[in-house]
Amino acid sequence: LDVPENPIIPIIHGDGIGQDVGPAAQKVLEKAAEATGREVHWMRLYAGESARQEYGEDVNLPDETVDAIREHRVAIKGPLTTPVGAGFRSLNVALRQTLDLYANVRPTYYLDGVPSPMKAPEEMDMVTFRENTEDVYAGIEWEQGTEEVEKVRNFVEDEMDMDGIMHEGPIGLGLKPISEKGSKRLVREAIDYAIENDRDKVTLVHKGNIMKFTEGQFGSWGMEVADEEYPDEEVFAAPDSLWEEQDEVDIPEDAVMVEERLADAMLQWMQLRTDEFDVLAMPNLNGDYLSDAAGAQIGGLGIAPGANFGDNRCLAEPVHGSAPKRAGQDMANPTALILSGRLLFEYLGWDDTGKLIRDAVEETISSGKVTYDLERQIEGGEKLGTTDYAEEICANIEDLA
Ligand code: NAD
């Protein structure tokens, strides 16, 4: 990535618990950078509640925020609240679409000492690639009673053959666009990642048996990428993997196998056969559900990091939302945002800084010093507030550096 050695990093603290975890994570990231001979130059940006305060009630996502991320190419953000049912569209989705951040990448790995409902949580070491701009999250919906809804009401009724139910009251309507270009670039990213990081397998997760021309196409386009774009035998597109056990398939040594799985079954396999999965690539909605569920298996949303990637762009953000009930109480877990910062640093090539962050977080958690979300589950755990927990990680950074 062609960025200056000590680049400017735009940061949005975010809504709700963002005001707690934002400053805490910033301190830890600065400390780790400093301990590895680097300096972080932050640029504070506003979105959501903070934007309304700075720019006026109608401004949720100022142009300055979007332009700064576009210019500096890397940024980190906390969560932004989205009203349910009505109100403005998701700012997170708007950012991902406007900046064409098409791959949402979430590594899910076990940190020593973290409580988990799984029998062997240390087997969990997966990276999910979620398509980030299309699918039902494109936000193309029509309110009940609008002309568009009325226009298609008869058509929907005929297709569903349901005895007039579509005429009995209001109906909702939305679109699920999935494109060849959008699917292929996402799968390509996942395969390239697997090759570069010595992973064995990429699993395409979709529901193509039901949604044939959207999810099904995602699977077919993904298999086409595996089949046609890697001629040197480094990638093996497993035939009929949806229906047949792959143990019997003869896979070239050292090749990355690309297979398909149905999304509902995948949620089960992920828990029952955790060690079989490596890199997953999927359309937007599947990716949202599946990555939250995977996060829960290794300690919950408080520690699950993520980042959105486009061509030459990275916006790191945790998996969790703004958890309004916990906001402003110095209690939320900043680990997810801190580890998202680690992803950003590694994108910049700061691998030693990233490793130091992971080691210091692991050291802190395994010593039993944790925030409220993990404390309840750790025997003899000591509950710390957001600020003190971050201080503890900083002290461990100093010790480990
Ligand atoms: P959420 O992730 O905010 O919270 C769910 C629960 O998880 C919380 O009640 C809390 O118990 C726990 N939790 C989450 N993060 C935690 C942390 N860091 N430390 C400790 N506990 C934590 O999900 P939600 O309640 O469904 O959504 C709240 C708001 O966040 C909504 O407006 C939603 O749209 C938004 N959201 C934003 C993003 C984003 O900015 N990328 C992602 C998801 C949800």
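Read on for a plain summary of the structure. Quick caveat, the model's predicted, so the values are computed rather than measured. (Residues numbered from 1 in each chain as written. Predicted model: local features only at pLDDT ≥ 70, side-chain atom pairs only at ≥ 80, totals over all residues. Heavy atoms only, no water.)

## Some words on the packing of helix H10 (residues 335-347) against helix H11 (residues 351-366)
For any two helices packed against each other, one specifies the crossing angle of their axes together with the interaxial distance. Following both chains from N to C, one finds H10 and H11 inclined at 160°, their axes separated by 7 Å at the closest point. With respect to H11, the element H10 is oriented roughly antiparallel. In the crossing of H10 with H11, the sense of the turn from one axis to the other is left-handed. Counted together, Thr335, Ile338, Leu339, Arg342, Phe345 and Glu346 of H10 and Asp351, Thr353, Gly354, Lys355, Ile357, Arg358 and Val361 of H11 form the full contact between these two elements. (Axes fitted to C-alpha atoms, helices over the stretch in contact; angles between N-to-C directions. Helix = DSSP H or I, 4+ residues; strand = E, 2+ residues; numbered from the N terminus. Parallel < 35°, antiparallel > 145°, perpendicular 65-115°, else oblique. Left-handed = near helix turned anticlockwise from the far one by under 90°. Contact = heavy atoms within 4.5 Å.)

## Observations concerning helix H3 (residues 63-72)
In an α-helix, one turn spans 3.6 residues; hence positions three or four apart end up facing the same way. Within the sequence span of H3, burial applies to Thr65, Val66, Ala68, Ile69 and His72. Considered in projection along H3, the buried side chains sweep an arc of 160° and stay on one side of the axis. The exposed residues of H3 that point more than 90 degrees off its buried face are Asp63, Glu64 and Glu71. Buried residues along H3 sit in contact with strand S1 (8-12), strand S2 (41-44), strand S3 (74-77), helix H4 (91-98) and strand S13 (313-316). (Buried < 20%, exposed > 50% of the residue type's maximum accessible area, 1.4 Å probe, protein only. Arc of directions from axis to C-beta.)

## Quick notes on the layout of surface pockets
When its volume is computed, the largest pocket comes out at roughly 1000 Å³. Contributing to the lining of the largest pocket are 33 residues, with Thr82, Pro83, Ser90, Val93 and Tyr137 lying nearest its centre. Going through the elements one at a time, H4, strand S6 (141-142) and helix H9 (284-297) are the ones with two or more residues in the lining of the largest pocket. If one sorts the elements of the lining of the largest pocket by residue count, H4 sits on top with three residues. For the lining of the largest pocket, the per-class residue count stands at 13 nonpolar, ten polar and ten charged. As a volume, the second largest pocket reaches approximately 730 Å³. Val105, Tyr193, Asn197, Phe309 and Leu343 are the residues nearest the centre of the second largest pocket, which is lined by 24 residues in total. (1 Å grid on protein atoms, 1.4 Å probe; cavity = no way out; pocket = protein on both sides within 12 Å on 5 of 7 lines; lining within 4 Å. Points joined across faces, edges and corners; volume = space filled by probe spheres on them. Nonpolar A, V, L, I, M, F, W, Y, C, P; charged D, E, K, R; others polar.)

## Let's talk about the sheet that holds S2
Taken in spatial order, the eleven strands of this open sheet run S2-S1-S3-S13-S12-S4-S5-S11-S8-S10-S9, and their pairing is mixed. Unpaired on one side and paired on the other, S2 and strand S9 (235-237) mark the two borders of the sheet. Recorded for the sheet is a direction-independent mean angle of 25° between the axes of neighbouring strands. Two elements, S3 and S13, share three bridges in a ladder whose sense is parallel. Across the sheet, residue Ala75 finds its bridge partner in S13, namely Leu315. (Pairing = 2+ DSSP bridges.)

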